[in-house]
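# Observations on chain architecture
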Amino acid sequence: MQTFLILAVVVLIFLVIFQISKAAEYVSVLKGEEQSRKQTNKVNAFMMLGFMILGLIGVWYCNEIYAPKTLMFNGGPASEQGIEVDNMMMWTLAITGIVFVLTQIVLFWFAYKYQENETKSVFYFPHNTTMEVIWTAVPAIALAVLVTFGLKNWTSFTSEAPDNALKVEVTGKQFGWIFRYAGKDKEFGKKYYRLIDAADNSLGLIWRDTTITKPNGDKQTFKADKYTHDDLVMEQTMYVVKGRPVKLIINSRDVIHDVGLVHFRMKMDAVPGMPTTLWFTPIYTTAEMKERTKNPNFQYEISCDQMCGNGHYSMKGSIEVVTQAEFDAWEAKQTAKYASLYAPKKEEASPAGAAKDTAAKVMVAMVTKPVK
Ligand SMILES: [Cu+2]
């Protein structure tokens, strides 16, 4: 019923406009074309002013409604670096906003003021070097200042992270994120992409001495890297610490992805074969952010900001920002993948240990099979 009424109103409005334009046409025939053209010209000039006023009110109104719903004003930036990014954004919005309002007013006001008028003659004004220099130099200087602030921040986020930074390796894949922590030895072990096994070794860590046969038939041997043994590998949720810088070492297993950390105002491409880095310092725990946003279900997000295939939308992961004590407790509870796959030596003598060892040998056989 409601749809029918709306349709009826739209049809009626269309009919009214149609009738008015028809009537205007008859009037112009009666008045004479020249007279009617002058009148239309006047009406158009006034409509330019009306359009400007309605347009600016519309811009203000949309801003009032939608700005509080954006992440910019909802909870605010959740990292020290994010505050800088938001500052840059505000300055850019302020400068371009002032220019936008002034130029729109001038544009529509001139269309009204300089409408066709028989008493005025056109002033021929082909060129003015001073004016051209001014309108080129002023925007150039303004943009140079904005870009300088941007470059300064960019260099800082991508520079070497502070020594106490928590290092997390983030690897994008179709479709999801793999997070790796260095474990107790604080060193990431070596990995090799041909050793990737989707079920058990999603990053291709070199856990044991391994030999692979390359497509051309050559054999390649890798020595086990003991640093891989305590590396923690997980998917879905990344844990970071409030007030402690976190350095992300970003990789991709297949195509180009992009680590999007919207609450921290950070973003960096994940490129296969070329690690990229980024560091930031979270300033609110997840619990604090739930209060700030007044949303009990608030969750920091990691998304993929690069169209990377048909499952791109499903690359949403979560980030937990916790205190150092909570992080230590969480880390202590984690088991390294190596430890869960390969039984410790003392258990190997027992039947259960032997069974696990057989499983481990099967694993090695799987990762060493020739890659086609
Ligand atoms: Cu992606």
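Residues numbered from 1 in each chain as written. Predicted model: local features only at pLDDT ≥ 70, side-chain atom pairs only at ≥ 80, totals over all residues. Heavy atoms only, no water.

Between helix α2 (residues 33-66) and helix α3 (residues 80-113), whose axes approach to 7 Å, the crossing angle comes to 165°. In this view, α2 runs roughly antiparallel relative to α3, as classed from their interaxial angle. For the crossing formed where α2 meets α3, the hand is left-handed. On α3, the residues that touch Ala45, Phe46, Met48, Leu49, Phe51, Met52, Leu56 and Val59 of α2 are Phe100, Gln104, Ile105, Phe108, Trp109, Ala111 and Tyr112. By residue class, the composition of the contact of α2 with α3 is 14 nonpolar, one polar and no charged. (Axes fitted to C-alpha atoms, helices over the stretch in contact; angles between N-to-C directions. Helix = DSSP H or I, 4+ residues; strand = E, 2+ residues; numbered from the N terminus. Parallel < 35°, antiparallel > 145°, perpendicular 65-115°, else oblique. Left-handed = near helix turned anticlockwise from the far one by under 90°. Contact = heavy atoms within 4.5 Å. Nonpolar A, V, L, I, M, F, W, Y, C, P; charged D, E, K, R; others polar.)

So, about the pairing of strand β3 (residues 210-213). Of the strand pairs in this sheet, β3 and strand β4 (residues 219-222) are connected by four bridges, and their pairing is antiparallel. Following the sheet pairing, Thr211 is matched in β4 by Thr221. The loop that links β3 with its antiparallel partner β4 comprises five residues; one of these, Gly217, has a positive phi angle of about 95°. (Pairing = 2+ DSSP bridges.)

Take the coordination of the copper ion next. Around the copper ion, the protein supplies His257 (ND1), Cys304 (SG), Cys308 (SG) and Met315 (SD) as donor atoms, at distances of 2.1 to 2.5 Å. Classification of the site at the copper ion as tetrahedral follows from its four donor atoms and the range of 94 to 124° in their angles at the metal. The motif formed by the donor residues of the copper ion, counted along the single chain, is H-x46-C-x3-C-x6-M. Assessed through its relative accessible area of 5%, Cys308 is described here as buried. Taking the relative accessible area as the measure of exposure, Met315 reaches 1% and is therefore buried. (Donors = N, O, S within 2.8 Å, 3.2 Å for Na, K, Ca; no water. Tetrahedral: all angles 85-135°; square planar, octahedral: opposite > 155°, others 65-115°. Buried < 20%, exposed > 50% of the residue type's maximum accessible area, 1.4 Å probe, protein only.)

Residues at a pLDDT of 70 or more form 92% of the protein chain, whose mean pLDDT is 86. Here residues 347-372 scores under 50 on pLDDT; set against residues more than four positions off or in separate chains, the count is 36 contacts. (pLDDT = per-residue confidence, 0-100.)

All right, on to the packing of aromatic side chains then. Taken as a whole and judged by the stated rule, the model has 15 aromatic pairs. Between the aromatic rings of Tyr192 and Tyr193, the centroid separation amounts to 5.1 Å while the plane-to-plane angle is 55°, which identifies the pairing as tilted. On the basis of relative accessibility, which here comes to 53%, the residue Tyr193 falls in the exposed class. Through a chain of ring-to-ring contacts, the aromatic side chains of Tyr181, Tyr239, Phe327 and Trp330 assemble into a single cluster. Sitting above the plane of the Tyr227 ring, Lys226 keeps its charged end 4.2 Å from the centroid. (Phe/Tyr/Trp six-rings, centres within 6.5 Å; stacked < 30°, edge-to-face > 60°. Lys NZ or Arg CZ within 6 Å of the ring centre and 35° of its normal.)

Here we take up the sheet that holds strand β2 (residues 176-181). If you trace the five strands from one edge of the open sheet to the other, you get β5-β2-β1-β7-β10, paired in mixed fashion. At either margin of the open sheet sits one strand with a lone partner, and together these are β5 (232-235) and β10 (276-280). Ignoring which end each strand starts from, the neighbouring axes of this sheet average 25° apart. When strand β1 (residues 166-173) meets β2, the two strands line up antiparallel, connected through six bridges. Within β2, the position partnered with Gly172 by the bridge is Trp177.

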